[in-house]
Amino acid sequence: MPYTFAQYQESADFIRSRIGDFQPRVAMILGSGLGFLGDRVENPVAVSYRDIPHFKVSTAPGHKGQLLFGTLAGQKVAVMQGRMHHYEGYSYEDVSYAVRVLRLLGCDTLLVTNAAGCVNTAWKAGDLMLITDHMKLFLESPLRGENLEEFGPRFPDSSHLYTPALCDAARQAAQALDIPLREGVYCYFPGPQFETPAEIRAFRTLGADAVGMSTVPEVITAGHCGMQVLGFTLLTNMAAGILDQPLSGEEVMEAANAASEKFSSLLLDCLKRM
Ligand code: HPA
């Protein structure tokens, strides 16, 4: 069920009652293996998803289910420790609900990360990718239903959802830190089953470099309400059918944890440049 503008406001008002006049600028959605970055937030105020009116609770492994407000690398941030996924049973409106609430609280930028399968056979598991564009193929839009003009237009442009200036900042950060950074197209697949080898071959033919089960609904919603977006993917495994081995959630978590240091230093450096 789509939400009303008043509901988003109610959520924002509740959070405002907890954070006072703190004004977050960058909303961060941290995917698998990066939730620990929240522990680096200075002077944090935590607000549990459970307490916020209309918020849903994330159930994915390793996702804490709280918003953290504070300062990280000199930026005033709102960190979502845990996100909602469509495969958990949530609608796309539910999945991207928090983005609009954080917009109402003053965030003008979304920094989003995820773990994904590597579709590009020239790359390898463990690589980091700057998301320059995405494909969502046939999934329903989080913007479906009555348009809330308060947030944005009925037919928003999607030509530059991943803000070019922020992509440049990410390239500079990666260069300064000597962290190799791939660039490519993230293809959304709803899951929770991993893709079939045939699906991966199809996505590759269509131009995908990575495939994953998150991010795209939130980015569409952020673009609609005029936020800048920066997105990164950690390629935790080669996508289905590339190697002769089954995929598993454990493999994804292990790879995410192994890369967390490299990934977090890149994110912190990006924050400084934003
Ligand atoms: N497919 C979809 N989502 C994923 C994958 C994958 O191979 N790895 C991590 N998230």
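Read on for a plain summary of the structure. (Residues numbered from 1 in each chain as written. Predicted model: local features only at pLDDT ≥ 70, side-chain atom pairs only at ≥ 80, totals over all residues. Heavy atoms only, no water.)

Bringing helix H3 (residues 97-104) into the picture now. Within H3, 6 of the 8 residues are buried, leaving the element largely enclosed by the surrounding structure. Buried within H3 we find Tyr 97, Ala 98, Val 99, Arg 100, Val 101 and Leu 102. Residues of H3 that are buried make contact with helix H1 (5-19), strand E1 (26-30), strand E3 (66-72), strand E4 (75-81), helix H2 (92-95) and helix H6 (216-224). Trailing H3 by a residue or two, Gly 106 shows a phi angle of about 115°, which is positive. (Buried < 20%, exposed > 50% of the residue type's maximum accessible area, 1.4 Å probe, protein only. Helix = DSSP H or I, 4+ residues; strand = E, 2+ residues; numbered from the N terminus. Contact = heavy atoms within 4.5 Å.)

Now for the pairing of E3. Judged by how many residues are buried, E3 sits mostly within the fold: 5 of 7 residues are covered. With 5 bridges joining them, strand E2 (residues 42-48) and E3 adopt antiparallel strand pairing. Along E3, the bridge assignment pairs Val 47 with Leu 67. When E3 meets E4, the two strands line up antiparallel, connected through 7 bridges. Counterpart to Leu 67 in the pairing with E4 is Met 80. (Pairing = 2+ DSSP bridges.)

This paragraph deals with the packing of aromatic side chains. All told, the structure shown has 10 aromatic pairs when counted by the stated rule. Relative to Tyr 97, the ring of Tyr 3 has its centre 4.4 Å away and its plane inclined at 55°; by these criteria the two rings are tilted. Taken together, the residues Tyr 3 in the segment before H1 and Tyr 97 in helix H3 connect sequence positions 94 residues apart. Here Tyr 3 falls in the buried class, since its relative accessible area comes to 11%. Between Phe 5 and Phe 151 the ring centres are 5.2 Å apart and the planes differ by 65°, which places this aromatic pair in the edge-to-face class. With a gap of 146 residues between them, Phe 5 in helix H1 and Phe 151 in the loop between strand E6 (128-135) and helix H4 (164-177) connect regions that are remote in the sequence. Residue Phe 5 is classed as buried on the basis of its relative accessible area of 18%. Through pairs of rings, three or more aromatic residues link up here, namely Tyr 3, Phe 5, Tyr 8, Tyr 49, Phe 55, Tyr 97 and Phe 151. (Phe/Tyr/Trp six-rings, centres within 6.5 Å; stacked < 30°, edge-to-face > 60°.)

Where H4 contacts helix H8 (residues 260-273), the two axes come as close as 9 Å, and the packing angle between them is 125°. It follows from the interaxial angle that H4 and H8 lie oblique. Where H4 crosses over H8, the two elements pack in a sense that is right-handed. Between H4, through Ala 169, Ala 170, Gln 172, Ala 173, Ala 174, Ala 176 and Leu 177, and H8, the contact on the second element is made entirely by Ser 265, Leu 266, Asp 269, Cys 270 and Arg 273. A class-by-class count of the residues in the contact of H4 with H8 yields 8 nonpolar, 2 polar and 2 charged. (Axes fitted to C-alpha atoms, helices over the stretch in contact; angles between N-to-C directions. Parallel < 35°, antiparallel > 145°, perpendicular 65-115°, else oblique. Left-handed = near helix turned anticlockwise from the far one by under 90°. Nonpolar A, V, L, I, M, F, W, Y, C, P; charged D, E, K, R; others polar.)

Bringing the site of the ligand into the picture now. The local shell around the ligand consists of Ala 115, Ala 116, Gly 117, Phe 194, Glu 195, Val 211, Gly 212, Met 213, Thr 236, Asn 237, Leu 247 and Val 252. Asn 237 is positioned with one of its side-chain polar atoms (N or O) 2.7 Å from a nitrogen atom of the ligand. Here the ligand, which alone exposes 260 Å², has 95% of that area covered by the protein. For the shell around the ligand, the secondary-structure elements that each account for two or more residues are strand E5 (109-118), strand E8 (210-212) and strand E9 (228-238). For the shell around the ligand, the per-class residue count stands at 7 nonpolar, 4 polar and 1 charged. (Near = heavy atom within 4 Å. Polar contact = N/O pair within 3.5 Å; in protein donor to acceptor, adjacent residues only side chain to side chain. Areas by Shrake-Rupley, 256 points an atom, 1.4 Å probe, with all protein chains shown as cover.)

Next up on the list: unusual backbone geometry. A cis geometry characterises the amide bond from Gly 191 onward to Pro 192, with omega recorded as 5°. Mapped onto the fold, Pro 192 is located in the loop between strand E7 (181-188) and helix H5 (197-206). Of note, the phi angle at His 54 is positive, near 70°, even though the residue is not glycine. Within the secondary structure, His 54 sits in the loop between E2 and E3. Under the relative-accessibility criterion, His 54 is labelled partly exposed at 26%. In this structure, Ala 73 is a non-glycine residue whose phi angle is positive, near 50°. When you line up the elements, Ala 73 lands in the loop between E3 and E4.

With that out of the way, let us pick up H8. The end-to-end C-alpha separation of H8 is 20 Å, in line with the 20 Å expected for 14 residues at 1.5 Å each. What H8 keeps buried is the set Ser 260, Phe 263, Ser 264, Leu 266, Leu 267, Leu 268, Asp 269, Cys 270 and Leu 271. (Expected span 1.5 Å × (residues − 1).)

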